[in-house]
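Chain by chain, the residues run as shown.
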Amino acid sequence: MEDISLKLLVGRPIDIGIGKVHPARIKDIVEMSEQKYNQYLNILLFDVDLLDISKEQLKQMNVDKFTTYHFLLLQSYNNEDFKQLTIEAFECFFKEKVYFDEENLLFYLADISGLRYLTLEHYKIFRKILIKQNYLKELEEEEELIFGNELARKWYIDMKKKEKLHQKPKNNVDLQSIISAVMWKGYKSIEEILNMTIYQLYDGYYRLSIIDNCNYLNQGIYHGTISQKDISQNDLNWAKIIKFNDY
């Protein structure tokens, strides 16, 4: 599949075979409300690791692993309100009508060429795009985890459940503060910000931070407060790949 990050950076929709996943723009999020947008994300990326699904239940459903995809199908079949909200959430990113086949338990898109069913494989790609375009780095790192055995996986899930019980400290950065930072620090007009995708906004926010750090290092070297021999060329490179272990 084509590189997701490059497509997201230039604000292009990404074709996943049954339709195109469109980037969320700031003006769209403002229009629908950030609360509604986050509700869509929470549904489509629901963490099923926090659910207790027995091996017997997996056997009954004829699946090896219970995923968010299966959760969306089952909940939509059992709850009309949940189904409508899930359809809205999918439509927000596909930018076309989405339907639910209750007989076959599948979401699908349709046009004159026929029906296009959202399979588990399509959902996996859709999920990956959603995580990356919203800069959800914790989820992105979790997607890449590979467990050596079932015991290691169980330990990780137990840890997640314990963390869920403890209230996390409130984040001192939110969408509004990032918009403000990029607008004032990046000298962008409000119209330019509104036409950015959520990915472009976050990328700009972190890139400005890298540029600032490079400038501070250069000033320190110039004024003699930082030794040049202790600084690599990569430390002074504005275009270096953004690493999140420093944020």
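Residues numbered from 1 in each chain as written. Predicted model: local features only at pLDDT ≥ 70, side-chain atom pairs only at ≥ 80, totals over all residues. Heavy atoms only, no water.

Scanning the protein from terminus to terminus reveals twelve helices and five strands. By the burial criterion, 36% of the 247 residues in the protein qualify as buried. A separation of at least 24 residues holds for 59% of the contacts in the protein among residues at least 6 apart in sequence. Roughly 16,100 Å² of accessible area belongs to the protein as shown, and the carbon and sulfur atoms make up 51% of that amount. (Helix = DSSP H or I, 4+ residues; strand = E, 2+ residues; numbered from the N terminus. Buried < 20%, exposed > 50% of the residue type's maximum accessible area, 1.4 Å probe, protein only. Contact = heavy atoms within 4.5 Å. Areas by Shrake-Rupley, 256 points an atom, 1.4 Å probe, with all protein chains shown as cover.)

Here strand β4 (residues 106-111) runs beside strand β5 (residues 114-117); their pairing, made up of four bridges, is antiparallel. Its bridge partner lying in β5, Leu109 is registered against Arg116. What sits between the antiparallel neighbours β4 and β5 is a turn of two residues. (Pairing = 2+ DSSP bridges.)

What follows is about the side chain of Ser76. Secondary-structure assignment places Ser76 in helix α5 (residues 68-78). For Ser76, the contacting residues outside a window of four places in its chain are Phe82, Lys83, Thr86, Phe100 and Phe107.

On to the packing of helix α3 (residues 34-44) against helix α7 (residues 120-133), then. For any two helices packed against each other, one specifies the crossing angle of their axes together with the interaxial distance. Between α3 and α7, the shortest axis-to-axis distance is 11 Å and the interhelical angle comes to 140 degrees. As summarised for this structure, α3 and α7 are arranged oblique, according to the angle between their axes. For the element pair α3 and α7, the recorded crossing hand is left-handed. The residues of α7 that touch α3, namely those facing Tyr37, Leu41 and Leu44, are Tyr123, Phe126, Arg127, Leu130 and Gln133. Among the residues forming the contact of α3 with α7, the class breakdown is six nonpolar, one polar and one charged. (Axes fitted to C-alpha atoms, helices over the stretch in contact; angles between N-to-C directions. Parallel < 35°, antiparallel > 145°, perpendicular 65-115°, else oblique. Left-handed = near helix turned anticlockwise from the far one by under 90°. Nonpolar A, V, L, I, M, F, W, Y, C, P; charged D, E, K, R; others polar.)

Let's shift gears to the confidence of the model for the protein. For the protein, the average pLDDT comes to 83, and 77% of its residues sit at 70 or higher. Mean pLDDT across the elements of the protein ranges from a minimum in helix α9 (residues 150-165), with 58, to a maximum in helix α6 (residues 80-94), with 97. (pLDDT = per-residue confidence, 0-100.)

We now examine the side chain of His122. Looking at where His122 falls in the secondary structure, it is placed in helix α7. Take His122: its relative accessible area is 18%, and that puts it in the buried class. For His122, the contacting residues outside a window of four places in its chain are Ile16, Ile18 and Tyr117.

So, about α3. All of the buried residues along α3 are Tyr37, Tyr40, Leu41, Ile43 and Leu44. Taken down its axis, α3 places every buried residue within 165 degrees of arc, on the same side. Within α3, the exposed residues directed more than 90 degrees away from the buried face are Gln35 and Asn42. (Arc of directions from axis to C-beta.)

Turning to the sheet that holds β4, a few remarks are in order. Here three strands make up an open sheet; going across it, the order is β3-β4-β5 and the pairing antiparallel. The open sheet terminates on both sides in strands that have one partner only, identified here as β3 (98-101) and β5. When strand polarity is set aside, the average angle formed by the axes of neighbouring strands in this sheet is 40 degrees. Bridge analysis of β3 against β4 gives four bridges, and the strand direction is antiparallel. Within β4, the position partnered with Val98 by the bridge is Leu109. Sitting on the sheet, α5 touches β3 and β4, and the angle it makes with β4 is about 85 degrees.

Under the definition given, this model contains 17 aromatic pairs. Taking the centre distance of 6.0 Å and the plane angle of 40 degrees together, the rings of Tyr69 and Tyr123 count as tilted. With Tyr69 in helix α5 and Tyr123 in helix α7, this residue pair connects regions lying 54 residues apart in the sequence. Just as Tyr69 is buried, Tyr123 falls in that class too. When the ring of Tyr205 is compared with that of Tyr206, the centres are 5.1 Å apart and the planes differ by 65 degrees; the resulting orientation is edge-to-face. (Phe/Tyr/Trp six-rings, centres within 6.5 Å; stacked < 30°, edge-to-face > 60°.)

Next up on the list: the packing of α3 against α6. Here α3 crosses α6 at 105 degrees, and the two axes come no closer than 9 Å. The angle between the axes of α3 and α6 places the two elements in the roughly perpendicular class. Residues Lys36, Tyr37, Gln39, Tyr40, Leu41, Ile43 and Leu44 of α3 lie in contact with α6, whose contacting residues are Phe82, Leu85, Thr86, Glu88, Ala89, Phe90, Cys92 and Phe93. Looking at the contact of α3 with α6 residue by residue, the class counts come to eleven nonpolar, two polar and two charged.

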